[in-house]
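Fold and geometry: a report
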Amino acid sequence: MSSLDAFVKDLAAGRIQVVDLTQPLGPDTPVIALPEPFTASPGVTIETLSRYDDGGPAWYWNSLHLGEHTGTHFDAPVHWITGKDQPQNRCDTIPAERFVGPACVIDVSADVKDDADFLLTPERILNWEGEHGRIPAGAWVLLRTDWSKRTDPSDFLNVDETGPHSPGFRKDASELLVERDILGVGVETIGTDAGQAGTFYPPFPNHTIMHGAGKFGLASLTNLDRLPPTGALVVAAPLKIVDGSGSPLRVLAFVER
Ligand code: MN
């Protein structure tokens, strides 16, 4: 039996399950707030073109208006200035095989419970590797924070007078992951940098380092608590937007029971 035959059989028998790592996308999807004078991204607007009515008696369809980086979405290297000259750095030019890879799930949810500004460190990555083995090249590294359980948008954005507070990566952690030659990182928060990362040096270090190395980002993931530390296969393929800097997408994980 070929590997794909075995895969199809295991799927049908429920030995492999599909876990949806995607948040619903709609008018209620929270959008990142940027301070003046930066241009904000719009929220999601869905307009009905027709719904079995005069505009289309037998069909229903909508038009969409939204920013590329809305809801569960993909960050291409060209999104950041450090990645602007990387080869194959946009949604339409990234080779499709780079959307598929094994998942390494680093669980820091207990730390984040006590500290919303928690940052992943190289030490934590090395400890994880001591337990689960070295992060392989071509892996998606997913940071489990349980942040997606914050279903109230104001808890999710978690902004106070000092700005947004949410977990992320220390610069040297992002550098170590680039050394491992991963596909990219995935997070449960609205972006792949910590809420306070605008105040870090460099600002937004994970975007700076990852995209500067041609790596990707996945933001606003959910259900990471349903994945094992290793062994899941993740498919995260953005829309093939011409010159696109990112795209909402459906992220699927295949998990052996
Ligand atoms: Mn983004």
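For the structure itself, consult the block above.
For every chain, the first residue of the written sequence is number 1, and numbering continues from 1 along that sequence. Only residues with pLDDT of at least 70 are given local features in this predicted model, and only at 80 or more are side-chain atom pairs given and counted; all residues enter the totals for whole chains, interfaces and linings. The side-chain quantities take in all heavy atoms of the structure and omit both hydrogens and water.

Structural notes on the packing of helix α3 (residues 122-132) against helix α5 (residues 171-179)
- Where α3 contacts α5, the two axes come as close as 8 Å, and the packing angle between them is 40 degrees. With respect to each other, α3 and α5 are oriented oblique. Along the contact surface, α3 presents P122, I125 and L126, while α5 presents D172, A173, L176 and L177.
- Grouping the amino acids of the contact of α3 with α5 by side-chain chemistry returns 6 nonpolar, no polar and 1 charged. Every axis in this analysis is a line fitted to C-alpha atoms, fitted for helices over the stretch in contact. Angles between the N-to-C directions lie between 0 and 180 degrees. The helix count covers DSSP runs of H or I at least four residues long, the strand count covers runs of E at least two residues long, and both are numbered beginning at the N terminus. Any angle that is under 35 degrees is reported as roughly parallel, and any over 145 degrees as roughly antiparallel; angles of 65 to 115 degrees are reported as roughly perpendicular and all others as oblique. Whether two residues are in contact is decided by their heavy atoms: any pair within 4.5 Å suffices. Under the scheme applied, nonpolar residues are Ala, Val, Leu, Ile, Met, Phe, Trp, Tyr, Cys and Pro; charged residues are Asp, Glu, Lys and Arg; polar residues are all the others, including Gly.

Describing the pattern of salt bridges
- By definition here, a salt bridge exists when the distance from a side-chain nitrogen of Lys or Arg to a carboxyl oxygen of Asp or Glu is within 4 Å. Applying the stated criterion across every chain, the model contains 13 salt bridges.
- We note a salt bridge from R170 to D172, for which the minimum N-O separation is 2.7 Å.
- Residue exposure (1.4 Å probe, protein chains only): buried if accessible area is under 20% of the type maximum, exposed if over 50%, otherwise partly exposed. For R170, a relative accessible area of 33% puts it in the partly exposed group.
- With a relative accessible area of 29%, D172 lands in the partly exposed category.
- A single salt-bridge network, built from bridges that share partners, covers D107, R144 and D146.

Observations regarding unusual backbone geometry
- For the bond running from E36 to P37, omega is 5 degrees, close enough to zero to count as cis.
- Within the secondary structure, P37 is located in the loop between β1 (16-20) and β2 (45-53).
- Look at the link from Y201 to P202: it is a cis peptide, with omega at -10 degrees.
- Among the secondary structure elements, P202 is positioned in the loop between β11 (184-186) and α6 (205-212).
- The backbone of D146 shows a phi angle near 65 degrees, a positive value even though the residue is not glycine.
- Along the chain, D146 falls in the loop between β7 (140-144) and α4 (153-157).
- At F204, a residue that is not glycine, the phi angle is positive and equals roughly 50 degrees.
- The topology assignment puts F204 in the loop between β11 and α6.

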